Amino acid sequence: MSEIKTLSEFIVERQGEFPGATGDLSQLLTAFRLAAKIVSREANKAGLLADILGAAGNENVQGEQQQKLDVYANDLFIRMMRTQGAVCAVASEENDDIVHFDNGGKYVVTMDPLDGSSNIDVNVSIGTIFSIYPRVSTGPKATLEDFLQPGSKQIAAGYIVYGSSTMLVYSTGHGVNGFTLDSSIGTFCLSHPQMTTPAEGTIYSVNEGNYLDFSDGVRSYIDDCKKKRMSARYIGSLVADFHRNLLKGGIYMYPGTAKAPNGKLRLLYEANPLAMLVEQAGGTATDGTRRILDLKPTELHQRCPLYIGSKNMVAAATKS
Ligand code: AHG
Ligand code: MN
Ligand code: MN
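Bear in mind that the values here come from a model prediction, so they are computed numbers and not experimental data.

What counts as what
- Residues numbered from 1 in each chain as written.
- Chains lettered and ligands numbered in written order.
- Predicted model: local features only at pLDDT ≥ 70, side-chain atom pairs only at ≥ 80, totals over all residues.
- Heavy atoms only, no water.
- Core = buried A, V, L, I, M, F, W, Y, C linked by side-chain atoms within 4.5 Å.
- Buried < 20%, exposed > 50% of the residue type's maximum accessible area, 1.4 Å probe, protein only.
- Helix = DSSP H or I, 4+ residues; strand = E, 2+ residues; numbered from the N terminus.
- Contact = heavy atoms within 4.5 Å.
- Near = heavy atom within 4 Å.
- Polar contact = N/O pair within 3.5 Å; in protein donor to acceptor, adjacent residues only side chain to side chain.
- Areas by Shrake-Rupley, 256 points an atom, 1.4 Å probe, with all protein chains shown as cover.
- 1 Å grid on protein atoms, 1.4 Å probe; cavity = no way out; pocket = protein on both sides within 12 Å on 5 of 7 lines; lining within 4 Å.
- Sits in = over half its atoms within 2 Å of the grid points.
- Donors = N, O, S within 2.8 Å, 3.2 Å for Na, K, Ca; no water.

Asks: Quick question: what am I supposed to make of the nonpolar core here?
Replies: Looking at soluble globular proteins, one finds that nonpolar side chains tend to be buried together. By size, the foremost hydrophobic cluster in this structure holds 43 residues, and its most contacted members are Phe32, Phe77, Met81, Val109, Ile132 and Tyr170. For this core, the leading source of residues is helix α2 (residues 24-44), giving 10 residues. When near neighbours in sequence (up to four residues on either side) are disregarded, Tyr170 contacts Leu7, Phe10, Ile11, Leu29, Phe130, Ala157, Gly158, Gly175, Val176, Asn177, Phe179 and Leu277. The next biggest cluster of nonpolar side chains, apart from the first, holds 42 residues, and it includes Tyr133, Met167, Tyr252 and Ile308.

Asks: Explain the site of ligand 1 to me, please; I cannot follow it from the model alone.
Replies: Taken together, 16 residues are adjacent to ligand 1, and Asp115, Asn207, Tyr234, Tyr252 and Tyr254 come closest. Ser117 places a polar main-chain atom, nitrogen or oxygen, 2.8 Å from an oxygen atom of ligand 1. At 2.7 Å, a side-chain N or O of Tyr252 approaches an oxygen atom of ligand 1. In the complex, the protein chains occlude 81% of the 470 Å² of accessible area that ligand 1 would expose alone. Because more than half of its atoms lie within 2 Å of the grid, ligand 1 is assigned to the second largest pocket. With 3 residues, the single largest contributor to the shell around ligand 1 is strand β3 (residues 107-115).

Asks: Which parts of the structure should I look at to understand the side chain of Asn74?
Replies: Position of Asn74 relative to the elements: it lies in helix α4 (residues 69-84). The class of Asn74 is buried, set by a relative accessible area of 4%. Not counting chain neighbours up to four residues away, the residues in contact with Asn74 comprise Ser92, Glu94, Asn95, Met111 and Pro113.

Asks: Quick question: what am I supposed to make of the coordination of the manganese ion (ligand 3) here?
Replies: Around a metal, the ideal angle is 109.5 degrees if four donors adopt a tetrahedral arrangement and 90 or 180 degrees if six donors adopt an octahedral arrangement. Only Glu93 (OE), Asp112 (OD) and Leu114 (O) from the protein reach the manganese ion (ligand 3) as donors, at distances of 2.2 to 2.3 Å. For the manganese ion (ligand 3), the donor residues sit on a single chain with the sequence spacing E-x18-D-x1-L. The metal-metal distance between the manganese ion (ligand 3) and the manganese ion (ligand 2) is 3.8 Å, with Asp112 coordinating both. Here Glu93 is found in the loop between β1 (87-92) and β2 (99-100), whereas its partner Leu114 is found in strand β3, with 21 residues between them in sequence.

Rendered as structure tokens:
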């Protein structure tokens, strides 16, 4: 039988890869691991809450309002980080402003606590995405400057996909590793060591309902995909679409349009972390012309167009 490695063993084993690491980052990953298990449990009964338990006015037995899973996940990840100490502040898709912990932690985190919200109640894969940056400001509180660092400054990034199984995939800049939750024992085990993505793939993922709003270049790339009889796959949960394409080879696109020149996806919570992961796995991420990780954010909730996945496919989609 081959050796089983748990996520906690792996984190400890790799702690040394981190310059100046004092174990803080390991603790932080441990907090994410626990939050991921709890969200996974809740995601598994999301349909039950919405369709059966929610039928009596969306209240639980204590008479409290049932929380939507994205608010629940946001609160949970923030609570886990707050109690843990390495992170001094968080920027989340679900909060208008920075959430401060006032604890002197040396990292800041950005996150999309629940990606794919429109799929929560319909039993389709959803996810969580996170980035970790070093704090660069020196005053008593973290500032916007800490969060507006380009993605190239990320020291770790990852996602959790709550799918037919729950997986946690992350990188600290030394490759990408994936762990699958064995729910019978409640443990993440290394299932996808050193993940790499093919340079060429056969899957294109884009919301083709927006085809008429895309530029000529994007439309012609989509036409080429059809001529080549590629597979169209679009879940509508970025994490799940990204995860599939990472494993199989493919491209995910969320282009800008005349009405929404920066598309829909958020630079800090979605594009940057996945860009770090895809590059670590040998792929590419651009906004159509520039490398995502080089973009200098100017605001927390900034959006950007995204072309991400297999190297050759991203180059072909963005060549004009
Ligand atoms: P979120 O649920 O965090 O708001 O993100 C939804 C995003 C992303 O997950 C997905 O790929 C995209 O929205 C789908 O958008 P369209 O429905 O416009 O295709
Ligand atoms: Mn999202
Ligand atoms: Mn979200």
